[in-house]
Amino acid sequence: MIGYSFDAFAAHPAIAETIVVVAEGQQPLAIGALGKGSRVVVGGATRRESVANGLAAIGDATHVLIHDAARPFLSAAVIDSLVDALKTRDAAVPVLPVIDTLAHGSVLLGDVVPRADLNRVQTPQAFSIEALRAAHAVWPADEEATDDAQMVRRLGVGVALVQGSAMLEKVTHPEDFAAAEARVAYETRTAMGFDVHRLEVGEELWLGGVLIPHDKGLSGHSDADVALHALTDALLGTIAAGDIGTHFPPSDPQWKGADSAQFLQHAAKLIADKRGRIDFVDLTIMCEAPKIGPHRTAMTARIADLLGLSLDRVSVKATTTERLGFTGRGEGIAAQAVATVRVPGASA
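Rules used in this analysis
- Residues numbered from 1 in each chain as written.
- Predicted model: local features only at pLDDT ≥ 70, side-chain atom pairs only at ≥ 80, totals over all residues.
- Heavy atoms only, no water.
- Salt bridge = Lys/Arg side-chain N within 4 Å of Asp/Glu carboxyl O.
- Helix = DSSP H or I, 4+ residues; strand = E, 2+ residues; numbered from the N terminus.
- Buried < 20%, exposed > 50% of the residue type's maximum accessible area, 1.4 Å probe, protein only.
- Pairing = 2+ DSSP bridges.
- Axes fitted to C-alpha atoms, helices over the stretch in contact; angles between N-to-C directions.
- Contact = heavy atoms within 4.5 Å.
- Right-handed = clockwise from strand over helix to strand, strands pointing away.
- Phe/Tyr/Trp six-rings, centres within 6.5 Å; stacked < 30°, edge-to-face > 60°.
- Polar contact = N/O pair within 3.5 Å; in protein donor to acceptor, adjacent residues only side chain to side chain.
- Core = buried A, V, L, I, M, F, W, Y, C linked by side-chain atoms within 4.5 Å.
- Parallel < 35°, antiparallel > 145°, perpendicular 65-115°, else oblique.
- Left-handed = near helix turned anticlockwise from the far one by under 90°.
- Nonpolar A, V, L, I, M, F, W, Y, C, P; charged D, E, K, R; others polar.

Asks: What is the right way to look at the pattern of salt bridges in this model?
Replies: Here the idea is simple: oppositely charged side chains can pair when their charged atoms come close. Taken as a whole, this structure holds 14 salt bridges when the rule is applied. With a shortest N-O distance of 2.8 Å, Arg-275 and Asp-7 are connected by a salt bridge. In this pair, Arg-275 is assigned in the loop between helix 10 (261-273) and strand 14 (277-286) and Asp-7 in helix 1 (residues 2-10), connecting sequence segments 268 residues apart. Of the residues examined, Arg-275 reaches a relative accessible area of 18% and is grouped as buried. For Glu-187, the salt bridge identified is with Arg-189, shortest N-O distance 2.7 Å. Classification of Arg-189 as partly exposed rests on a relative accessible area of 31%.

Here it is, written out as structure tokens:
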């Protein structure tokens, strides 16, 4: 959700910089979601303290927009309206009119509340830096505010109202996440990966991220984990990002003996960077020996852990080639993988 809001601000010509305020310990998650170079600030125990920490990180800007990440579907039109309002006002907020009947009562229905002048206040909320900092400076430390607009109002600052958006509904309850997901136009993509490595005496045998005891191991520039290599290529294929050699060329000495887990996680991160999600991976290992069955559970668990998937979204299978070909002769091991992912479509 942070990513969607961040992208909306980053793409708008009136926004010079976007600062993300997160809880202590969440900085790596935020940077991982937004990319290196993103400016992330640690917030406080309350919303007011978090905004204050964000304000302290601002340089010589004259205006600021404060937005809740729980409202991910921010449009350029809303930002335009707020920026225009700040040309003549020190504060502005997007609102929607109340259309439902409002009434008092907790057990029995009470009196109806007139709704003619009632509004639902949304974010982002826009302010002159001077007005917002002044409001924070005098706000009582033992009192909390539901939003920054109420804080500047107490100073006597008039807050302009601009047209809000139904897309800015706040994601709060579990059922809200399903509604938010439904607003994103995802497309499903499936791709295949295939890899082969030679078996040689004196090498370790890594398969599916698991070290397997065997009299031979797979030979390659990295740890030659043919299963993870096939999975990596399948994932890269879903976003048309080339193959494993494109990202980790065997000519580069830094990948000599490398753990193939990092290749798989790199592909998964590229998908995440596109706001995509991995739905399912299926792996077939082809060899005469060793027997894969005793190690299937460990492989499944390792792959699931690397990709952040539940066990039922990872399939690991094995087959022989009836002693035909190089795998049948015990000269090498092959692996084929299929990955299914969802990525936001062009209309998202």
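We are not done yet, so read on.
Asks: What exactly am I supposed to notice about the sheet that holds strand 13 (residues 217-219) here?
Replies: Strands belonging to one sheet form pairs held by backbone hydrogen bonds; the direction of such a pair is parallel or antiparallel. If you trace the five strands from one edge of the open sheet to the other, you get 13-10-16-14-15, paired in mixed fashion. Each edge of the open sheet carries a strand with a single partner, namely strand 13 and strand 15 (314-319). Between one strand and the next, the sheet's axes are offset by a mean angle of 30°, whatever the strand orientation. Taken together, the six bridges between strand 14 and strand 15 define a ladder with parallel strand orientation. When the bridges of strand 15 are listed, Leu-283 appears paired with Val-316. Each of strand 10 (186-200), strand 13, strand 14 and strand 16 (332-344) is contacted by helix 8 (residues 226-238), which is oriented at about 155° to strand 10, the strand it contacts most. Where helix 11 (residues 296-307) meets the sheet, its contacts fall on strand 14 and strand 15, and the angle it forms with strand 15 comes to roughly 140°.

Asks: Honestly, the pairing of strand 14 in this entry has me stumped. Any pointers?
Replies: On any regular strand, side chains alternate: one points to one face of the sheet, the next to the other face. Extensive coverage of strand 14 is indicated by the burial of eight of its 10 residues. The sheet contact formed by strand 14 and strand 16 spans nine bridges and is antiparallel. In the sheet register, Ile-285 faces strand 16, and the bridge partner there is Ala-335. Taking the sense of rotation as the criterion, the β-α-β connection linking strand 14, helix 11 and strand 15 turns out right-handed.

Asks: Is there a simple way to think about the packing of aromatic side chains in this case?
Replies: Each aromatic ring pair is summarised here by two numbers: the centre-to-centre distance and the angle between the ring planes. The tally for this structure, following the rule as stated, stands at four aromatic pairs. Taken together, a centroid distance of 6.0 Å and an interplanar angle of 80° make the contact between Trp-255 and Phe-263 edge-to-face. A residue is classified by how much of its surface remains accessible, and Phe-263, at 3% relative accessible area, is buried. Counting every residue linked through ring pairs, the aromatic cluster contains Phe-248, Trp-255 and Phe-263.

Asks: For this particular structure, what's the right way to read the side chain of Asp-282?
Replies: Mapped onto the secondary structure, Asp-282 falls in strand 14. Owing to a relative accessible area of 18%, Asp-282 belongs among the buried residues under this scheme. Polar side-chain contacts of Asp-282 include one of 2.7 Å to the side chain of Ser-315. In terms of polar contacts, Asp-282 uses its side chain to reach the side chain of Lys-317, at 2.7 Å. When near neighbours in sequence (up to four residues on either side) are disregarded, Asp-282 contacts Ser-315, Lys-317, Gln-336, Ala-337 and Val-338.

Asks: Whenever I open this one, the nonpolar core confuses me. Can you help?
Replies: One recurring pattern in soluble globular proteins is that nonpolar side chains are buried together. Among the nonpolar cores identified, the biggest contains 42 residues, and Leu-235 and Val-281 are the most heavily contacted of them. Of all the secondary-structure elements, those providing two or more residues to this core are strand 11 (205-207), strand 12 (210-212), helix 8, helix 10, strand 14, helix 11, strand 15 and strand 16. Looking at this core, the element that brings in the most residues is helix 8, giving eight residues. When near neighbours in sequence (up to four residues on either side) are disregarded, Leu-235 contacts Leu-264, Ala-267, Ala-268, Ile-271, Ile-278, Val-281, Leu-307, Ala-339 and Val-341. Counting residues in each nonpolar core, the second largest holds 19 residues, with Val-64, Ile-66, Ala-145 and Met-151 among its members.

Asks: Is there a simple way to think about the packing of helix 8 against helix 10 in this case?
Replies: A pair of packed helices is characterised by two quantities: the angle between their axes and the separation of those axes. Between helix 8 and helix 10, whose axes approach to 9 Å, the crossing angle comes to 15°. Considering their axes alone, helix 8 and helix 10 lie roughly parallel with respect to each other. Here the hand of the crossing between helix 8 and helix 10 comes out left-handed. Only Ala-261, Phe-263, Leu-264, Ala-267, Ala-268, Leu-270 and Ile-271 of helix 10 make contact with helix 8, whose side of the interface consists of Leu-228, His-229, Leu-231, Thr-232, Leu-235, Leu-236 and Thr-238. The class makeup of the residues in the contact of helix 8 with helix 10 is 11 nonpolar, three polar and no charged.

Asks: Just to check I follow, could you spell out the pairing of strand 16 for this structure?
Replies: Note that strand 10 and strand 16 share 13 bridges and pair antiparallel. Bridge assignment links His-197 to a residue of strand 16, and that residue is Ile-333.

Asks: What's the story with unusual backbone geometry in this structure? I'm lost.
Replies: One can expect most non-glycine residues to show negative phi and most peptide bonds to be in trans. Residue Pro-124 is reached from Thr-123 by a cis peptide bond, and omega for that bond is 10°. Along the polypeptide, Pro-124 turns up in the loop between strand 7 (119-121) and strand 8 (125-128). The linkage connecting Ala-289 with the following residue, Pro-290, adopts the cis geometry, with an omega of 5°. Within the fold, Pro-290 resides in the loop between strand 14 and helix 11.

Asks: Before we go on, may I ask you to explain the packing of helix 10 against helix 11 in this structure?
Replies: Between helix 10 and helix 11, the shortest axis-to-axis distance is 9 Å and the interhelical angle comes to 45°. One way to sum up the angle between helix 10 and helix 11 is to call them oblique. Crossing hand, helix 10 versus helix 11: right-handed. In contact with Ala-261, Leu-264, Gln-265 and Ala-268 of helix 10, helix 11 contributes Arg-302, Leu-306 and Leu-307. Its residues assigned to classes, the contact of helix 10 with helix 11 shows five nonpolar, one polar and one charged.

Read these as spatial facts, not as claims about activity.
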